[in-house]
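For reference, the chains in residue letters:
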Amino acid sequence: MTTQSRENPLSEPTKSHSYQKPDLTRSSLRAADYEFQLYTDGSGWNDRFAGYCAVLRSDKHNKFVCSAASIYGADTERAEFEGLLAGLQSIMDTMDWNNKHQRSLMQMRRTSVYWVTDREHLVGAMLKKADGSYEYKRRTTPDLWARLEWYEKIFDITAVWRERNTIAWQGYADTIASECRTQMKHYVEACRAAAPYPTLV
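The following paragraphs examine the structure supplied in this document.

### Quick notes on the overall build of the chain
And then number 1: Of the regular secondary structure elements, the chain holds 5 helices and 5 strands.
And then number 2: Going from the N terminus to the C terminus, the chain shows its helices and strands as β-β-β-α-α-β-α-α-β-α.
And then number 3: Burial analysis of the chain (201 residues in total) assigns 40% to the buried set.
And then number 4: Contacts spanning at least 24 positions in sequence make up 67% of the contacts within the chain whose residues lie at least 6 apart.
And then number 5: Of the roughly 12,800 Å² of accessible surface on the chain, a fraction of 50% belongs to carbon and sulfur atoms.

Below is the structure:
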């Protein structure tokens, strides 16, 4: 009797030995070679209070800008993403985007941005492979990815992953983002205690 081997449908697919995990640290690149350096951090917790901070530097343009905010209903990754968008917007404000001539210049040549974050998935979802696809899928927070696609028309963004607080500017962003989150939580809790929600009838 001849027996036929059947593949177990529950088994894991065999991974190709040719696959290599991408270098998300981009260790061969130098931050100083870019027009702007952007360091972001998002702070989130299971109570849904969150905060973000974006620290923007440019020696070429002699600029330093810090953007931060408190938000509610966001996890850490969404807060970090909001920090990136705020940082990119601060570049546009710094470069006087509302000036028609300046806007034309920025549209003709994309401004280079070196972005440092500790969110590995965000970096992988911005790192392109040789075939033009991204290393990681852009599946989460589709609304924020849609907003980023507009900024990508203006900026040439190089995303770099670093362990949390391994760079001083990254540490500053972390501290401010955490402070934004905790301060918002304290204020909201104080307001709730002073004026509790009325009972609906």
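More follows now that the structure is in view.
### Some thoughts on the pattern of salt bridges
And then number 1: The final tally for this structure, using the stated rule, is 12 salt bridges.
And then number 2: A salt bridge links Arg 147 to Glu 82, with the nearest nitrogen and oxygen atoms 3.5 Å apart. Of this pair, Arg 147 sits in helix H4 (residues 142–151) while Glu 82 sits in helix H1 (residues 76–94), placing them 65 residues apart in sequence.
And then number 3: Taking relative accessible area as the criterion, Glu 82 reaches 16% and is therefore assigned buried.
And then number 4: The residue Asp 156 makes a salt bridge to Arg 110 at a minimum N-O spacing of 3.9 Å. Of this pair, Asp 156 sits in strand S5 (residues 155–161) while Arg 110 sits in the loop between helix H2 (100–108) and strand S4 (111–117), and the two are 46 residues apart along the sequence.
And then number 5: Asp 156 sits in the partly exposed class, given a relative accessible area of 35%.
And then number 6: The class for Arg 110 is partly exposed, based on a relative accessible area of 40%.
And then number 7: One network of salt bridges, in which partners are shared, links Glu 35, Lys 60 and Arg 109.

### A closer look at the environment of Ile 91
And then number 1: Relative to the helices and strands, Ile 91 is located in helix H1.
And then number 2: Here the alpha-carbon distance between Ile 91 and Thr 111, two residues 20 residues apart in the chain, equals 9.3 Å.
And then number 3: The contact partners of Ile 91, leaving out residues within four places of it in the chain, are Phe 36, Leu 56, Val 113 and Phe 155.

### Examining the packing of H1 against H4
And then number 1: Two elements in contact, H1 and H4, have axes separated by 11 Å at closest approach and are oriented at 20°. Here H1 lies roughly parallel to H4, going by the angle between them. As for the relative orientation of H1 and H4, their crossing is left-handed in sense. Between H1 and H4, the contacting residues are Arg 78, Phe 81, Glu 82, Leu 84, Leu 85, Leu 88, Gln 89 and Met 92 on the first element and Asp 143, Leu 144, Trp 145, Arg 147, Leu 148, Trp 150 and Tyr 151 on the second.
And then number 2: Looking at side-chain class alone, the contact of H1 with H4 contains 10 nonpolar, 1 polar and 4 charged residues.

### Some points on the packing of aromatic side chains
And then number 1: Taken as a whole and judged by the stated rule, the model has 8 aromatic pairs.
And then number 2: Consider the rings of Trp 169 and Tyr 172, whose centres lie 5.5 Å apart with planes at 80°: the pair is edge-to-face. Here the residue Trp 169 and the residue Tyr 172 both occupy positions in helix H5 (residues 168–194), the gap between them amounting to 3 residues, near one helical turn.
And then number 3: Exposure remark for Tyr 172: the relative accessible area of 46% places this residue in the partly exposed category.

### Thoughts on H5
And then number 1: An ideal rise of 1.5 Å per residue puts 39 Å on 27 residues; H5 measures up with 39 Å between its terminal C-alpha atoms.
And then number 2: Taken together, the buried residues of H5 touch strand S1 (36–44), strand S2 (49–58), strand S3 (63–72) and S4.

### Points about the sheet that holds S1
And then number 1: Strands sit in the order S3-S2-S1-S4-S5 across an open sheet of 5 strands; the sheet is mixed. Of all the strands in the sheet, just S3 and S5 have a single pairing partner and so form its edges. Between one strand axis and the next, the sheet turns by 20° as a mean value, whatever way the strands run.
And then number 2: Each of S1, S2, S3, S4 and S5 is contacted by H1, which is oriented at about 150° to S1, the strand it contacts most.

### Observations regarding the pairing of S5
And then number 1: Among the 7 residues in S5, 6 count as buried, and that is most of the element.
And then number 2: Sheet topology places S4 next to S5; 7 bridges connect them, and they run parallel. Residue pairing in the sheet places Thr 111 in a bridge with Phe 155 of S5.

Conventions used here
Residues numbered from 1 in each chain as written. Predicted model: local features only at pLDDT ≥ 70, side-chain atom pairs only at ≥ 80, totals over all residues. Heavy atoms only, no water. Helix = DSSP H or I, 4+ residues; strand = E, 2+ residues; numbered from the N terminus. Buried < 20%, exposed > 50% of the residue type's maximum accessible area, 1.4 Å probe, protein only. Contact = heavy atoms within 4.5 Å. Areas by Shrake-Rupley, 256 points an atom, 1.4 Å probe, with all protein chains shown as cover. Salt bridge = Lys/Arg side-chain N within 4 Å of Asp/Glu carboxyl O. Axes fitted to C-alpha atoms, helices over the stretch in contact; angles between N-to-C directions. Parallel < 35°, antiparallel > 145°, perpendicular 65-115°, else oblique. Left-handed = near helix turned anticlockwise from the far one by under 90°. Nonpolar A, V, L, I, M, F, W, Y, C, P; charged D, E, K, R; others polar. Phe/Tyr/Trp six-rings, centres within 6.5 Å; stacked < 30°, edge-to-face > 60°. Expected span 1.5 Å × (residues − 1). Pairing = 2+ DSSP bridges.

In short, the description is geometric, and any link to function would need to be established separately.
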